[in-house]
Structures are given as structure tokens and as C-alpha cells.
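As a plain string of letters, each chain reads:
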Amino acid sequence: LDVIPRAFSQLKFIDDALKNVIEGIDGSDVFKKLNLPQFASMFVNVQEAILDQYKGVKESKATKPIIDVAKTFNHYGNVIHYENDAAQPVIYRDFNHDEASCDKKFSD
């Protein structure tokens, strides 16, 4: 599911998505792309360093008011899914905040 529409009221979804991205980072690849010596990756855990930075931003005093406001938002919208390039679209309506009736429901 698209991260952006869910960004505000479903912060755990965003947190899980970011952690998933961080877990997929290959430290030696990062060093290679930055033209740093490969042996340095033995001394620095890139995933751990990025995760620590992420936690620091998430827990900072500057971020807390933004998170508090974001928690008050609700997204009502649709996700249009195509099983493949020849399939008919399936519309998933996201009404999980008010339990309105729809063709198919999904929630967190």
C-alpha cells in the first residue's frame, strides 16, 4: 500500500516501512558507492548507525509536536489495484476510520 496517504494517521505503518528500508541497507554497498575503503565496513555497522539516527529524530523534542499533530489526521481514499497489466482494476476503499460500507475493506 502507498505510504504517503497513510502517513499521517497511521504512523506505525510509516515507522515499519522506514525500519524495513533501513534493514535492507547493505553497508558494504554504501561504502562502495561513497568510494570509501571496503575494509572500513568491518568497523562501522551502517544499518545500526542509520537506525540510531532515525530513533534520534523520532524521539527529538522538535519532532514530537509534528507527530502529535499527524496523529489527528485521517485519510479517506481509494487504492486501485491491478493484478497484472491486462486485469480489470479492483478498488479498495479505505474507510477503516468510520467503518462505512464499501465493496472491499482493508485496514491497518
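Reading guide: rules and limits
Residues numbered from 1 in each chain as written. Predicted model: local features only at pLDDT ≥ 70, side-chain atom pairs only at ≥ 80, totals over all residues. Heavy atoms only, no water. Helix = DSSP H or I, 4+ residues; strand = E, 2+ residues; numbered from the N terminus. Buried < 20%, exposed > 50% of the residue type's maximum accessible area, 1.4 Å probe, protein only. Contact = heavy atoms within 4.5 Å. Areas by Shrake-Rupley, 256 points an atom, 1.4 Å probe, with all protein chains shown as cover. Salt bridge = Lys/Arg side-chain N within 4 Å of Asp/Glu carboxyl O. Expected span 1.5 Å × (residues − 1). Polar contact = N/O pair within 3.5 Å; in protein donor to acceptor, adjacent residues only side chain to side chain. Arc of directions from axis to C-beta.

K.L.:
So what's going on with the overall build of the chain? Residues and values would help.
P.N.:
For the chain, the count of helices and strands is five helices and two strands. Taken from N to C terminus, the helices and strands of the chain fall in the order α-α-α-α-α-β-β. When each of the 108 residues of the chain is scored for burial, the buried share is 16%. Intrachain contacts of the chain at a sequence separation of at least 6 include 36% that bridge at least 24 residues. Taken as a whole, the chain presents about 8,300 Å² of accessible surface, with 58% of it coming from carbon and sulfur.

K.L.:
Outline the pattern of salt bridges, supporting the account with residue identities and numerical values.
P.N.:
All told, the structure shown has four salt bridges when counted by the stated rule. Close ionic contact of Asp15 with Lys58 constitutes a salt bridge, the shortest N to O distance being 3.0 Å. Note that Asp15 is positioned in helix 2 (residues 11–23) and Lys58 in helix 4 (residues 46–59), a separation of 43 residues in sequence. A relative accessible area of 30% means that Lys58 is categorised as partly exposed. Where Asp29 meets Lys33, a salt bridge forms, and the shortest distance between an N and an O atom there is 3.4 Å. Highlighted residues: Asp29 and Lys33, both in helix 3 (residues 27–33), separated by four residues, approximately one helical turn.

K.L.:
Run through unusual backbone geometry, naming residues and quoting values.
P.N.:
Of note, the phi angle at Asn35 is positive, near 55°, even though the residue is not glycine. Tracing the backbone shows Asn35 in the loop between helix 3 and helix 4. With relative accessibility at 69%, the residue Asn35 sits in the exposed group.

K.L.:
Kindly report on helix 4, identifying the contributing residues and their values.
P.N.:
The end-to-end C-alpha distance of helix 4, which contains 14 residues, comes to 20 Å, matching closely the 20 Å that a straight helix rising 1.5 Å per residue would cover. Two or three places before Gln47, at the opening of helix 4, Asn45 has a side-chain oxygen 3.2 Å from that residue's backbone nitrogen.

K.L.:
Quick rundown of helix 2? Include the residues and the values.
P.N.:
Residues spaced three or four apart along an α-helix face the same direction, because each turn holds 3.6 residues. Compared with the 18 Å implied by 1.5 Å per residue over 13 residues, the 18 Å span of helix 2 between its first and last C-alpha is a close match. Every buried residue of helix 2 is accounted for by Ile14, Asp15 and Ile22. Viewed end-on, helix 2 has its buried residues packed into an arc of 100°, placing them on one side of the element. More than 90 degrees from the buried face of helix 2, the exposed residues found are Lys12, Asn20 and Glu23.

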